[in-house]
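Given next are the chains, with one letter for each unit.
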Amino acid sequence: MDTTSSPSPLPPEVLGGRDGWRGEFAATLRLSWPLAAANLLQMLTYAVDVIFIARLGEAQLAASALAVALFGLILWAMSGLTGAVAPVIAADLGARAPALRPVRRGIRMALWLALMSGILGMGLCLLLGPLMRATGQDAQIVGLANEYNTVIVWSLVPMLFNNVLRSFVSALDRPILATLITAAGIGVNALANYAFIFGHLGAPELGLKGAGVATIITALATLAAYIAAIRLDPRLHRYHIFGRWWAPDWERFRQIVRIGTPIALTITAEAGIFGAAAFLMGNIGTAQLAAHTVALQIAALAFQVPFGVGQAATIRVGYFYGARDPEGMKRAGWAAIAIGTGFMGLTALAMIIAPRYLLAIYVDPWDPANAVLIGYALTYIVIAAAFQLFDGMQAVAAGALRGLQDTRVPMWIAAFAYWVPGIGTSVVLGFFTPLEGVGVWIGLATGLTVAAALLIWRWTARDRLGLTAP
């Protein structure tokens, strides 16, 4: 029996925001922390790859970094595209829970999109060789990177499937599954790297290719874990999201593409500004580039929390958007913005009070050999502290607007903020003043600040702009 024929409220723990501001804060925190934890654990998964590949040598590590730079950008952008299913099914749930048929069709079409975009992404990844040769990379590095790249591309489609299923379990108030599955994936990844890179546990010794094989195994194991969890959880299994997988719903497909394409382009614009900053720093000096890389890793680590809060904001605002409840949308959005900004305030304070201890996560700040690097990094991390608040604010505000299925204008806001005042300031201050690297970082802070201001303005004006009417 399909229960979509009559309205049925979402479970109380999902629509906690209807209990007022206190209930909304509690509900947002309950949804946010597992998503933020999963984001942090995903970074740890990548760190495991680096740890094992580094034992092969500098050439292999450099080659893998080049391959992952392109692969990661494509994966991140395609994840934004397919992740647009989250606000779509959240609105379905808010309008007519449990909305079995609409949610099932939404997830099915998102999986179709994951397959199609994944195949396209694999083709784009194969442009790595020409890109490396065009930028004058060393021939040995080019060969190793191509070898690694031709293996890891096969993990792209299952990773995108995992992204869709993560959106599904999160929207159905099971975000802890994403945390647990990502944590288990770290163990699988470490074991597979150990086996296939070095030829242990009866596996062939594949060197750098073995790291790619480990990535594929981890992606497939994660996919199997999601399928099993969905099958075993009664609330999730009732949607039968894998049933009639061959049946299209082109209207729903177009809706996800319409919402997701601007998200993918926004991600590309944001990733692009940091990539461009790295090239700018490389033209200033090697020590400045190394310091920039370390300081940026600290900022990226902190960013995973408001990124998770932004994902939660998309879902929670989406619930009330589907329910046509403007007051609920207001509470959900502002509660998430307060939580994300508040956390980034704490990280900014930590960067000011104890920067050396944060840098110690990646490099020994007390080793005299690292003195020059640390000197630059300490300067950059203070500037990072200044833009932490704005970085968290723009991430969560963008997530709240996605809950309203508003992605096109935020895309243009991001493109303008990052590339006009952002990179523009970086170039002017970095190359036409004595500030050099500090000027580049001031440019990054400027771009994020402008993005935060414009996105917050748009969120504040949501009713006047007609964004709250489905």
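Computed from a prediction, not measured in an experiment: that's the story for all the values here. (Residues numbered from 1 in each chain as written. Predicted model: local features only at pLDDT ≥ 70, side-chain atom pairs only at ≥ 80, totals over all residues. Heavy atoms only, no water.)

Focus: the overall build of the protein chain
At step 1: Counting its regular elements, the protein chain contains 17 helices and zero strands.
At step 2: The principal-axis extents of the C-alpha atoms in the protein chain amount to approximately 70 × 55 × 35 Å.
At step 3: Relative to its 470 residues, the protein chain shows a buried fraction of 56%.
At step 4: In the protein chain, once contacts between residues fewer than 6 apart in sequence are set aside, the share between residues at least 24 apart is 82%. (Helix = DSSP H or I, 4+ residues; strand = E, 2+ residues; numbered from the N terminus. Buried < 20%, exposed > 50% of the residue type's maximum accessible area, 1.4 Å probe, protein only. Contact = heavy atoms within 4.5 Å.)

Structural notes on the confidence of the model for the protein chain
At step 1: Per-residue pLDDT for the protein chain averages 89, and the proportion of residues at 70 or more is 96%.
At step 2: Averaged pLDDT values for the elements of the protein chain fall to 82 in helix H5 (residues 128-134) and rise to 96 in helix H7 (residues 156-171). (pLDDT = per-residue confidence, 0-100.)

With respect to the packing of helix H4 (residues 100-125) against helix H11 (residues 250-284)
At step 1: Packing of H4 against H11 leaves a shortest axis separation of 9 Å and a crossing angle of 65°. In the packing of H4 onto H11, the handedness of the crossing is right-handed. Residues Pro102, Arg105, Gly106, Met109, Ala110, Trp112, Leu113 and Met116 of H4 pack against Trp250, Arg252, Phe253, Ile256 and Val257 of H11.
At step 2: Of the residues assigned to the contact of H4 with H11, the class counts are ten nonpolar, one polar and two charged. (Axes fitted to C-alpha atoms, helices over the stretch in contact; angles between N-to-C directions. Left-handed = near helix turned anticlockwise from the far one by under 90°. Nonpolar A, V, L, I, M, F, W, Y, C, P; charged D, E, K, R; others polar.)

Let's talk about the nonpolar core
At step 1: In this structure, Val103, Ile107, Phe168, Tyr239 and Ile256 are the most contacted members of the largest nonpolar core, which totals 78 residues.
At step 2: Non-local contacts of Tyr239, meaning those with residues more than four positions away in its chain, are made with Leu93, Pro98, Ala99, Leu100, Val103, Arg104, Phe168 and Leu172.
At step 3: If you look at the next biggest cluster of nonpolar residues, it comprises 36 residues, including Ala269, Ala291, Ala295 and Ala445. (Core = buried A, V, L, I, M, F, W, Y, C linked by side-chain atoms within 4.5 Å.)

A word on the side chain of Glu270
At step 1: Inspection of the secondary structure assignment puts Glu270 in helix H11.
At step 2: The buried charged residue Glu270 lacks any salt bridge partner; its closest oppositely charged side chain belongs to Arg402, at an N-O distance of 6.3 Å.
At step 3: Not counting chain neighbours up to four residues away, the residues in contact with Glu270 comprise Phe303, Asp391, Gln394 and Tyr418. (Lys, Arg positive; Asp, Glu negative; His and termini not counted. Salt bridge = Lys/Arg side-chain N within 4 Å of Asp/Glu carboxyl O.)

Quick notes on the layout of surface pockets
At step 1: One number sums up the size of the second largest pocket: a volume of about 230 Å³.
At step 2: Along the walls of the second largest pocket sit Arg108, Leu111, Trp112, Leu115, Met116, Phe161, Leu165, Leu223, Ile227, Ile241, Phe242 and Trp245, which together make up its complete lining.
At step 3: For the lining of the second largest pocket, the elements supplying multiple residues, two or more each, are H4, H7 and helix H9 (208-232).
At step 4: When residues in the lining of the second largest pocket are grouped by element, the largest group, five residues, is from H4.
At step 5: When the residues that make up the lining of the second largest pocket are grouped by side-chain class, the tally is eleven nonpolar, no polar and one charged. (1 Å grid on protein atoms, 1.4 Å probe; cavity = no way out; pocket = protein on both sides within 12 Å on 5 of 7 lines; lining within 4 Å. Points joined across faces, edges and corners; volume = space filled by probe spheres on them.)

Section: H11
At step 1: Helix length check: H11 (35 residues) gives 50 Å between terminal C-alpha atoms against 51 Å at 1.5 Å per residue, within 8%.
At step 2: The sharpest bend along H11 measures roughly 30° and falls at Gly260, with the proline Pro262 sitting one to four residues further on. (Expected span 1.5 Å × (residues − 1). Bend = angle between axes of the 7 residues up to and from the residue.)

Here's the deal with unusual backbone geometry
At step 1: Positive phi is not limited to glycine here, since Arg244 has a value of about 50°.
At step 2: Position of Arg244 among the secondary structure elements: in the loop between helix H10 (234-237) and H11.
At step 3: Of note, Arg324 is a non-glycine position whose phi angle comes to about 55°, a positive value.
At step 4: Position of Arg324 among the secondary structure elements: in the loop between helix H12 (286-322) and helix H13 (326-353).

A word on the packing of aromatic side chains
At step 1: A complete count under the given rule lists eleven aromatic pairs for this structure.
At step 2: Ring geometry for Trp21 against Phe25: centres 6.5 Å apart, planes inclined by 40°, an arrangement best described as tilted. With Trp21 and Phe25 both in helix H1 (residues 21-54) and four residues apart, this pair spans about one turn of that helix.
At step 3: Classification of Phe25 by relative accessible area gives partly exposed; the value is 30%.
At step 4: Ring geometry for Trp245 versus Trp246: centroids 5.9 Å apart, planes at 85°, classification edge-to-face.
At step 5: Taken together, the aromatic side chains of Tyr376, Tyr380, Phe387 and Trp441 make up a single cluster linked through ring pairs.
At step 6: A cation sits over an aromatic face here: Arg462 above Trp459, 4.4 Å from the ring centre. (Phe/Tyr/Trp six-rings, centres within 6.5 Å; stacked < 30°, edge-to-face > 60°. Lys NZ or Arg CZ within 6 Å of the ring centre and 35° of its normal.)

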